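# Coordinate analysis (summary)
Chain by chain, the residues:
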Amino acid sequence: MDQADIPALLARLSSDEDAARKMAVFKLQTSINDPSFADVFISSGGLVVLRGLIMDSGGNTLAYSLQSLTRLLEVDMGWDIFTGPSASAFVERIVELIVINPLVNILRGAMSILVALVSHSQSNPPASPVSPTSGSFGFGFRALRPAVAVYPQFFELVIQQLRSADHALCANALMLINALIRDSISTSSTRSSGNDSTGSDNEDWAKLVKRLQDLGLIKAVYQLMQSSSLQDLAHPVLEFQSLTKVLLRRWREVTVDLDRPEHRRALKGIHLASAPDRAVNGRSKDESSDGVKKDGRKHNPEKWRRLGFETESPAHEFDTAGYLGMMDLTDYVRKHDDGFQKLLLEQATRPMRERCPIARASLAVTMILYDHFEVDRVELEDSKGYQGLEGKDHDTLFRPLLLQWSRLHTAGLWGFLRVWKATGAESDDFEKVAELVRILVEQVVGRASRTKDILETEDEILEYDIAQLRDLQMELLELSFDDTWGQHLYQVRETLKQEALQFVKEQRVRCLLQGSWFCKPASNKTDRQEAEDARPVSSWRFAKLSHNRRYLHYADFDKQTAQDPGLEVLTSKIDLGTVSSVGSNVSTTDDGRSSGSGSTVQNSASHSKTTTKITIYAGEINKLGEADEYPILKLWPTSHSLASEWLDGLLMLLNQAPITAETSKLINLVSDYGLKIRLLNVRIDSAFEGPPPGAGVVPSRAGLDEDYFFEV
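Here the structure is a predicted model, which means the values were calculated and not measured.

## A word on the overall build of the protein
In terms of regular secondary structure, the protein is built from 25 helices and 7 strands. Taking the contacts inside the protein whose residues are at least 6 apart along the sequence as the reference set, 68% of them involve residues at least 24 apart. When the accessible surface of the protein is summed, it comes to about 37300 Å², and 50% of that surface belongs to carbon and sulfur atoms.

Laid out in structure tokens, this is it:
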């Protein structure tokens, strides 16, 4: 539309005929987002006409009027409509439309205008607070207060729109909620930086958030984050996720102060929920707020330590987690008071060092979740700051479980108690258990998909295998060390592997020193020949290493004897110095079967068959000067373990490397345990610092003489 047509347009907008007004405002909404057109429209008195249409019209005329104002505000023009004596009534009209009007196109427009009105204070903060009599209506949440007072159901109806089937309306409702929360936070920050740092107005953000949460805000947004329509709501939902982190950070920054009534009430509620014996531990009616009775007698000296605090001054123990930690503990106690009382009774039956400190565990879980969701890294940004959102993976970008903070905290606390009990932890092991819980949260919450239900997550936290958790801890510790001390850790591993090799060598040689029975395979005679012979189908061979480890003694027997024969009974022997090699078909793979084709081992008495064989060879030089080998002893192990012990034992006696899978696993197991013992007391995020200042420095003897003595 041309600028020259604006006077005629204004005339039609002011017409008494609804059809003319409707057509005019329909054309207006398509042109008003042109800054040059909007400037002429405003200078020609168009804002007054547009305000009149919004105040008095209905149906599509009203919808087009709201859309026109929305587009005008989008080009940062027309803000004067919110100033002057009629501004309050105008805002009240917009709020009224949201409360009483069921038409989607009108609701969308009304919410868009309120989003712009509330957000405008963040882009153009006032130089000084606006007073009710200053003549300027102002922007931000304070601009809505009078209207919300008239329509107290406003917030409830806005949250209801989060369940609307119209995605645009749903997005506008969430943007309005985001703008209200963001404005409350920024306003309280501005006041806190000025002289008004102790007024109750600074906690408007907390009151607003609590009011919205009580109306079901968290559940509604949680469902949006898990829904299939997230693509259409990505920007406001992601902004709400960021604002949630901002709120968590703000709660943590609030210092617990028992001079504040709400903090004192929260701490008292935790104590009373523990069902103390009032005759011993509780606070009677004549007891003051600091736990001292009016007649001068003090409360039980373990009033707070029995709940899991380290001292009898619990307020100081919230320094790290802040009021967020108190909120989490209070919420757990309030929702699970019976379980809390039973837990305290159960802990009271244990020795002091074995009790799990519930309060400390709760605060630890709060900080584990705080670190897991990287709350400190978030910055307050508007939705326009998320560039390239459409091309990103929603499952990694959106974290619906963040909105289930309270339930995650409770599940994490129960997980902490389960790990404490399963590992038999004591007081000094608190940090180690906390580290395991940190890994548990990373594995369950960190790997949860966007659509994973909170109930399923809670169950997984409570059922996660503790042994697997410890294995993960060791893997993470090794990875952490590899990153920081890769070369040094490699050297430690090599050293431990050599130590493990020597350890296993000694174990294998001791098996040879102890001696073992070997079952000789059956002959190829027929059953008739065997009957005529009247001899056993198979016989036994016993072999044993001499004490000086130089000779291998052996002898054959018709049957196993109850007691192993000694060296004096073993009439045959071979000098290991003449042994050139040891061959076998014993398995070197993980499946436990011999590498020979069709080879089996059956450890039974008569009629047993075995083709697993160890052959010891001696060597000599023939006439051509070449080395010839010939077998001097054969052994038929009756089990895979025995085969591994003797084959690798003989090889290691000859200073050769072991080859069986069983021995390799044993070596790795021993070396891994050695490494784990060295790493077990080290946290994943430990800083590898040098010795403390002054360590290792020889003190000066300046000014000292020899006038000293030892007192015995």
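## Concerning the side chain of H120
Within the secondary structure, H120 is located in helix α7 (residues 104–123). If near-sequence neighbours (up to four positions away) are discounted, H120 is found in contact with D76, W79 and F139.

## Points about the confidence of the model for the protein
In the predicted model, the protein carries a mean pLDDT of 81, and the fraction of residues at 70 or more is 78%. In the predicted structure, residues 278–297 sits below a pLDDT of 50 and forms 31 contacts with residues beyond four places in sequence or in another chain. Note on residues 380–385: pLDDT under 50 across the span, and 8 contacts to partners over four residues away in sequence or across chains.

## Focus: the pattern of salt bridges
Pairing of side chains with opposite charge becomes possible as their charged atoms draw close. Considering all chains together, one arrives at 24 salt bridges under this definition. E262 is the salt-bridge partner of R260, the closest N and O atoms lying 3.4 Å from each other. Under the relative-accessibility criterion, R260 is labelled partly exposed at 23%. Salt-bridge contacts for R377 lead to E374; the nearest nitrogen and oxygen are separated by 2.9 Å. The exposure class of R377 is exposed, given its relative accessible area of 64%. Taken together, the shared-partner salt bridges connect D331, R334 and K335 into one network.

## As for the nonpolar core
L13, F82, L144, F154, L162 and F416 are the most contacted members of the largest nonpolar core, which has 153 residues in total. With 11 residues, helix α10 (residues 167–192) is the largest single contributor of residues to this core. Here this core spans two domains, since at least three of its residues come from each of domain 1 (3–122 + 138–189 + 204–253) and domain 2 (261–277 + 303–379 + 396–464). Within the second largest apolar cluster, 22 residues are counted, among which are L512, V586, L635 and W646.

## Looking at a negative patch on the surface
On the surface, D453, E456, D459 and E463 cluster together to form a negatively charged patch. Along the chain, D453 falls in the loop between α20 (430–444) and α21 (454–463). Classification of D453 by relative accessible area gives partly exposed; the value is 36%.

## Focus: the sheet that holds strand β6 (residues 614–621)
An order of β5-β6-β7 is seen for the 3 strands of this open sheet, with the pairing classed as antiparallel. Edge positions in the open sheet fall to β5 (579–584) and β7 (627–635), since each of these has one partner strand only. Taken pair by pair, the neighbouring strands of this sheet meet at an average axis angle of 30°, ignoring direction. Relative to β6, β5 is paired through 5 bridges, and the arrangement is antiparallel. Directly across from S581, in β6, lies its bridge partner Y617. Most of the contacts of helix α24 (residues 640–653) go to β6, to which it runs at about 25°, and overall it touches β5, β6 and β7.

## So, empty space enclosed by the protein
For the coordinates displayed, the defined rule picks out 2 cavities of 30 Å³ or more. Roughly 60 Å³ of volume is contained in the largest cavity. The computed volume of the second largest cavity comes to approximately 30 Å³. Lining the second largest cavity are L576, V579, V582, I616, L650, L653 and L654. At the level of elements, β5 and α24 are the ones that each hand at least two residues to the lining of the second largest cavity. Looking at the lining of the second largest cavity residue by residue, the class counts come to 7 nonpolar, no polar and no charged.

## Some words on α24
For α24, spanning 14 residues, the distance from its first C-alpha to its last is 20 Å, which sits close to the expected 20 Å at 1.5 Å a residue. Among the 14 residues of α24, 11 are classified as buried, and the element is accordingly described as predominantly covered. Turning to α24, its buried residues number three or more, namely L642, A643, S644, E645, W646, L647, D648, G649, L650, L651 and M652. Just downstream of α24, N655 is the residue with a positive phi angle, here 60°.

## Some words on the packing of helix α19 (residues 405–422) against α20
Between α19 and α20, the least distance of the axes is 9 Å, while the angle of their chain directions is 125°. Between α19 and α20, the angle falls in the class oblique. In this structure, the crossing between α19 and α20 has a hand that is right-handed. Across the interface between the two elements, G412, F416, V419 and W420 of α19 pack against F430, V433, A434, L436 and V437 of α20. Here the contact of α19 with α20 is built from residues that sort into 8 nonpolar, 1 polar and no charged.

## A look at the packing of aromatic side chains
Applying the stated criterion to the full structure yields 18 aromatic pairs. Taking 6.0 Å as the distance between ring centres and 85° as the angle between the ring planes, the aromatic pair formed by W304 and F309 counts as edge-to-face. Each member of the pair, W304 as well as F309, carries the same accessibility label: buried. Here F518 and W646 contribute two aromatic rings whose centre-to-centre distance is 5.1 Å and whose plane-to-plane angle is 85°, an arrangement assigned as edge-to-face. Of the two residues, F518 is situated in strand β1 (residues 516–519) and W646 in helix α24; the sequence distance between them amounts to 128 residues. The same class applies to F518 as to W646, namely buried. Note that R252 overlies the ring of Y370, its terminal NZ or CZ placed 4.7 Å from the centroid. It is K573 that lies over the ring of Y551; its NZ or CZ is 4.4 Å from the centre.

## Things to note about the pairing of β6
In this structure, β6 lies alongside β7, joined through 8 bridges in antiparallel fashion. Within the sheet, the bridge partner assigned to Y617 lies in β7 and is P631.

## Thoughts on the sheet that holds β1
Reading across from one edge, β1-β2-β3-β4 is the order of the 4 strands in this open sheet, with antiparallel pairing throughout. At either end of the open sheet lies a strand with only one pairing partner, and these are β1 and β4 (572–575). The mean inter-strand angle of the sheet, taken between neighbouring strand axes irrespective of direction, is 25°. Across 4 bridges, β1 lies against strand β2 (residues 540–545) in antiparallel orientation. The partner of C519 across the bridge, within β2, is W540. Packed on one face of the sheet, α24 meets β1, β2 and β3 (551–557) and runs near 115° to β1.

## As for the packing of helix α2 (residues 18–31) against helix α5 (residues 59–74)
Packing of α2 against α5 brings their axes to within 9 Å, and their N-to-C directions diverge by 25°. Classed by the angle they form, the pair α2 and α5 counts as roughly parallel. Viewed along their axes, α2 and α5 form a crossing whose handedness is left-handed. Side by side, α2 and α5 meet where D18, R21, K22, V25, F26, L28, Q29 and T30 of the first sit next to N60, T61, Y64, S65, Q67, S68 and R71 of the second. Each residue belonging to the contact of α2 with α5 can be placed in one class, and the counts come to 4 nonpolar, 7 polar and 4 charged.

What counts, and at which threshold
Residues numbered from 1 in each chain as written. Predicted model: local features only at pLDDT ≥ 70, side-chain atom pairs only at ≥ 80, totals over all residues. Heavy atoms only, no water. Helix = DSSP H or I, 4+ residues; strand = E, 2+ residues; numbered from the N terminus. Contact = heavy atoms within 4.5 Å. Areas by Shrake-Rupley, 256 points an atom, 1.4 Å probe, with all protein chains shown as cover. pLDDT = per-residue confidence, 0-100. Salt bridge = Lys/Arg side-chain N within 4 Å of Asp/Glu carboxyl O. Buried < 20%, exposed > 50% of the residue type's maximum accessible area, 1.4 Å probe, protein only. Core = buried A, V, L, I, M, F, W, Y, C linked by side-chain atoms within 4.5 Å. Domains from an automatic or database assignment. Patch = residues over 30% accessible without salt bridge, like charges linked within 9 Å, V, L, I, M, F, W, Y side chains within 5 Å. Lys, Arg positive; Asp, Glu negative; His and termini not counted. Charge placed at Lys NZ, Arg CZ, Asp CG, Glu CD. Pairing = 2+ DSSP bridges. Axes fitted to C-alpha atoms, helices over the stretch in contact; angles between N-to-C directions. 1 Å grid on protein atoms, 1.4 Å probe; cavity = no way out; pocket = protein on both sides within 12 Å on 5 of 7 lines; lining within 4 Å. Points joined across faces, edges and corners; volume = space filled by probe spheres on them. Nonpolar A, V, L, I, M, F, W, Y, C, P; charged D, E, K, R; others polar. Expected span 1.5 Å × (residues − 1). Parallel < 35°, antiparallel > 145°, perpendicular 65-115°, else oblique. Left-handed = near helix turned anticlockwise from the far one by under 90°. Phe/Tyr/Trp six-rings, centres within 6.5 Å; stacked < 30°, edge-to-face > 60°. Lys NZ or Arg CZ within 6 Å of the ring centre and 35° of its normal.

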